[in-house]
Amino acid sequence: MSSFKKQKKYAIILKEVKNQRGKLAMVKIDLITGFLGAGKTTFIRKCAKYLMDSGKNIGILENDFGAVNVDMMMLQDLMGDQCELEMISGGCDPETHRRRFKTKLISMGMCGYDRILVEPSGIFDVDEFFDILHEEPLDRWYEPGSVITIVDANLEEEMSEEENYILASEAASAGKIVFSKIGKNLKTEKEAQMEEKESIAKAEESISKVLAHINIALKQIKCERVIEEKDCLCKNWDTLTKADFQDLMSAGYTPENYQKLDFEQDSVFESLYFLNKKISVENMKKAAEELFQNPDCGHIFRIKGFLNTNYKEEVMMENKMEDEMEKVDKPRITKAESWKEFNATRKNISIQPVKEGQEVLIMIGAGLKQEKIEECLERHCTEGFEK
């Protein structure tokens, strides 16, 4: 099909969508931002469940620069009559990504959603969200809902200029700052057994330091906003109530001006993908600790992906019948029993069962050394497979 015919076909489809959308009410779109590993996907799950329990039909748009959208796979079990998932795959320049974002919102305009949740990349220009919603025809279909920024309660104190810029630019527009990993960030068994009051005091001290960090970062980008405790939600997410979610859904956003930092995302942050690594959960924990601590691997911010935990029978079979492997049926790995979501930062490791997965591990960071990371993973691939 010629370029002209394609454009004509697109114009006809767009005209029909416009005609149908004109009969529907404006749809609110909520933006869930947060730095790499802050917990955006986990929060989306809880927010989506609240909306569905309230009888809402929702769309979730995973808007990631990465070539493999692991976060969308982590949300697969939400799909059903009340929830649909859409994805924008990365691997493209920012302008192409922006165009795909707009096109996806146009296609979602006919789906009759009550609300749409957008989870962008952990490296995202919030202004892009508002700019697109003000473009025709989206300005007649959608309106901004709440901008919610997820911040790790154990945020690292030492961050680069670019990292602080992203943190501040996301916080600047937030209607609400939601702290993650409260009550789940104790590192040792001894700490895990502390009295509840002591644990709360520790969390409050940590949050005070993070708030100070955010406000310093805001000053650095010439933003006049000062984040106060009233702008934040500081609770263990397992204890969030219906009233908490109602407050979040009505939090809105705060238009703020700040000085842009001109940098190319790919020159500062990068992602490396490692496929088909057969590593047990315990071995992956050890590998993660080594990867975060070893400067030869680069500065790793986050590790995410899936682990297939059903290897015990396979390893035994390979050791016993290596020469006859082609003649033997491998044990069937059922989706419901085999997959674990692995999500790690320097201070937290989260492992959750998931219904479906893919043997992929993604390293996100700066100055990553693929060969060194590969060597580390291979060392932990060769032993310790257990269910």
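For clarity, every value in this text was computed on a predicted model and none was experimentally measured.

> Would you explain the packing of aromatic side chains in this entry?
For any two aromatic rings, the description comes down to two numbers: the centre-to-centre distance and the angle of the planes. Taken as a whole and assessed by the stated rule, the structure comprises six aromatic pairs. Relative to Phe 130, the ring of Phe 129 has its centre 5.3 Å away and its plane inclined at 75 degrees; by these criteria the two rings are edge-to-face. What makes Phe 129 buried here is its relative accessible area of 1%. Among the aromatic residues, ring-to-ring pairing joins Phe 129, Phe 130 and Tyr 253 into one connected group.

> Looking at this model, I keep getting lost on the layout of surface pockets. Mind explaining?
A probe as big as a water molecule, rolled over the atoms, marks out the empty space that is left. The calculated volume of the largest pocket comes to roughly 1200 Å³. What lines the largest pocket is a set of 43 residues, among which Lys 181, Asn 343, Ile 349, Ser 350 and Gln 352 lie closest to the centre. Going through the elements one at a time, helix 2 (40–53), helix 3 (70–73), helix 11 (281–293), strand 10 (339–344) and strand 11 (349–353) are the ones with two or more residues in the lining of the largest pocket. By residue number, the principal contributor to the lining of the largest pocket is helix 2, which donates five residues. Per-class residue counts for the lining of the largest pocket are 12 nonpolar, 14 polar and 17 charged.

> Help me understand the packing of helix 2 against helix 9 (residues 242–249), please; the structure alone is not making it clear to me.
Helix packing geometry: the angle between the two helix axes and the distance between the axes. At a minimum axis separation of 11 Å, helix 2 and helix 9 run at an interaxial angle of 100 degrees. It follows that helix 2 is roughly perpendicular to helix 9 by the angle criterion. Only Lys 242, Phe 245, Gln 246, Leu 248 and Met 249 of helix 9 make contact with helix 2, whose side of the interface consists of Phe 43, Lys 46, Cys 47, Tyr 50 and Leu 51. When grouped by side-chain class, the residues that make up the contact of helix 2 with helix 9 number seven nonpolar, one polar and two charged.

> Mind showing me how you'd approach the pairing of strand 5 (residues 142–152) here?
On a regular strand, each side chain points to the face opposite its neighbour's, so the side chains alternate between the two faces of the sheet. Most of strand 5 sits out of view: nine of its 11 residues are buried. Taken together, the seven bridges between strand 1 (residues 27–34) and strand 5 define a ladder with parallel strand orientation. Across the sheet, the residue bridging to Thr 33 is Thr 149, located in strand 5. What joins strand 5 to strand 6 (residues 176–180) is helix 6 (residues 161–172), and the crossover it makes is right-handed.

What counts as what
Residues numbered from 1 in each chain as written. Predicted model: local features only at pLDDT ≥ 70, side-chain atom pairs only at ≥ 80, totals over all residues. Heavy atoms only, no water. Phe/Tyr/Trp six-rings, centres within 6.5 Å; stacked < 30°, edge-to-face > 60°. Buried < 20%, exposed > 50% of the residue type's maximum accessible area, 1.4 Å probe, protein only. 1 Å grid on protein atoms, 1.4 Å probe; cavity = no way out; pocket = protein on both sides within 12 Å on 5 of 7 lines; lining within 4 Å. Points joined across faces, edges and corners; volume = space filled by probe spheres on them. Helix = DSSP H or I, 4+ residues; strand = E, 2+ residues; numbered from the N terminus. Nonpolar A, V, L, I, M, F, W, Y, C, P; charged D, E, K, R; others polar. Axes fitted to C-alpha atoms, helices over the stretch in contact; angles between N-to-C directions. Parallel < 35°, antiparallel > 145°, perpendicular 65-115°, else oblique. Contact = heavy atoms within 4.5 Å. Pairing = 2+ DSSP bridges. Right-handed = clockwise from strand over helix to strand, strands pointing away.

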